[in-house]
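# Observations on the model geometry
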Amino acid sequence: MAQKVAKELGVILGKAEIIRFADTESRVWVEEDIQDKIVFVLQPFSPPVDENLVEFLLLIDALKRLRPKKMIAIVPYYGYGRQDKVFRKGEALSAQVVADLIEAAGFEKLITIHLHSLRILKYFKIPVVHLSTASICSQVFSSLKNENKDWVAVAPDEVAQKEVKKFAQPLGITTAYIEKKRDYTKKDKHRSIKVTGQIKGKNCVMFDDLSSTGGTIVHGAKLLKEKGAKKIIAALSHLVVGEAAEKIVAEKTISQLIITDTISYPGQKPTKLKIISVAPLLAEAIKSNINQ
Ligand code: R5P
């Protein structure tokens, strides 16, 4: 991703050596003269999440010691975002812990894409540039089919509604949402229980921030079909784990899956899968934040 963004900007990617010792600890060495320069550090917090997070923190420490003018973090996928509040007494507030780590590391600003919820923004004291993929996803979706008129944009859960409205707006299509119930005593367990909005006899495009098990999208698609939807397409900003794509692609009710490359897709790309690059979006954000 960093290479793609550097190419978009016509700049060279800074060199850093990252090695792992036998005990899996990493050692980071920055091989660039960055004194008095503005440095952008790009790292998605994708699996292995904890390793990537620590690597990112070590990289920042190495950079800071070389005395840059300022450092801006680019986190295309903000991991730990789902634990954005204390759902049950005794739980850690993971989204805030990660925000604190980014701030304490010495960044002046964070650029990120499609956070799980806007609540995360309030955990930061530094400015956060929060980019949406709704526009690029809806453009690509629009190019995949003939007309918009029979389509409805569906939020696979309540939290997704705001971005789904942004997705639907340029297409001039209506929206609907699915009520999802999560079982907090089990990991990754939830049920899609009710559709609110007119989807009977319509084609549906579901748009969500992320998928990690594929469950939300697959259960959502099954429910939409049960309620009389015709064709179903799914679009996601972040595909966190490759198996989720396999599961969604294998689901017969879903004809196409659109994702972005905030997290690189492992292995062979199935034909049902369309990947959009966010590199131009990030390059634009870098250009407009370089002197601010
Ligand atoms: C959670 O509320 C998110 O917006 C996603 O809907 C969810 O995390 C997707 O996860 P999975 O693919 O495991 O259902």
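Residues numbered from 1 in each chain as written. Predicted model: local features only at pLDDT ≥ 70, side-chain atom pairs only at ≥ 80, totals over all residues. Heavy atoms only, no water.

Following the sequence through the fold, S212 ends up in the loop between β10 (203-211) and α6 (215-226). Under the relative-accessibility criterion, S212 is labelled buried at 15%. Among the polar contacts made by the side chain of S212, one reaches the side chain of R82 at a distance of 3.1 Å. (Helix = DSSP H or I, 4+ residues; strand = E, 2+ residues; numbered from the N terminus. Buried < 20%, exposed > 50% of the residue type's maximum accessible area, 1.4 Å probe, protein only. Polar contact = N/O pair within 3.5 Å; in protein donor to acceptor, adjacent residues only side chain to side chain.)

Quick look at the site of the ligand now. Residues in close proximity to the ligand total 15 residues, the closest being H190, D208, D209, T213 and T216. Between the ligand and the protein, one listed contact pairs an oxygen atom with a side-chain N or O atom of R82 at 3.1 Å. For the ligand, whose free accessible area comes to 380 Å², the fraction covered by protein is 96%. The set of elements that each furnish at least two residues to the shell around the ligand consists of β8 (174-182), β10 and α6. At 4 residues, the largest contribution of residues to the shell around the ligand is made by β10. Class assignment of the residues belonging to the shell around the ligand gives a composition of 1 nonpolar, 8 polar and 6 charged. (Near = heavy atom within 4 Å. Areas by Shrake-Rupley, 256 points an atom, 1.4 Å probe, with all protein chains shown as cover. Nonpolar A, V, L, I, M, F, W, Y, C, P; charged D, E, K, R; others polar.)

This part is about the sheet that holds strand β13 (residues 273-276). Strand order in the open sheet made by the 7 strands is β9-β8-β7-β10-β11-β12-β13, with mixed pairing throughout. Looking at strand neighbours, the two that pair on one side only are β9 (190-196) and β13, the edges of this open sheet. Averaged over neighbouring strand pairs, the angle between their axes works out to 25° when direction is ignored. With 4 bridges connecting them, strand β12 (residues 256-260) and β13 associate as parallel partners. Note that in β13 the partner of I258 across the bridge is K274. (Pairing = 2+ DSSP bridges. Axes fitted to C-alpha atoms, helices over the stretch in contact; angles between N-to-C directions.)

Counted by the stated rule, this structure contains 1 cavity of 30 Å³ or more. Counted as a void, the largest cavity has a volume near 30 Å³. Taken together, the residues that form the lining of the largest cavity break down as 5 nonpolar, 3 polar and 1 charged. (1 Å grid on protein atoms, 1.4 Å probe; cavity = no way out; pocket = protein on both sides within 12 Å on 5 of 7 lines; lining within 4 Å. Points joined across faces, edges and corners; volume = space filled by probe spheres on them.)

By the burial criterion, the buried members of helix α4 (residues 134-144) are A134, C137, S138, V140 and F141. Taken down its axis, α4 places every buried residue within 165° of arc, on the same side. Seen from the open side of α4, the exposed residues pointing more than 90 degrees away from its buried face are Q139 and S143. In the core, the buried residues of α4 are packed alongside β7 (151-155), α5 (161-168), β10, β11 (232-239), β12 and β13. (Arc of directions from axis to C-beta. Contact = heavy atoms within 4.5 Å.)

You can see D84 is positioned in the loop between β4 (70-75) and α3 (94-104). Put simply, D84 and A2 are 82 residues apart on the chain and 27 Å apart in space, counted from C-alpha to C-alpha. Sequence-distant contacts of D84, that is, excluding residues within four places in its chain, are made with L93, A95, H116, S117, R119, I120 and Y123. Only 3.1 Å separates the side chain of D84 from the side chain of R119, close enough to count as a polar contact.

A few words on the environment of I60. You can see I60 is positioned in helix α2 (residues 49-64). Considered as a pair, I60 and I102 are 42 residues apart in the sequence and their alpha carbons are 9.4 Å apart. Setting aside chain neighbours within four positions, we find I60 in contact with M71, A105 and F107.

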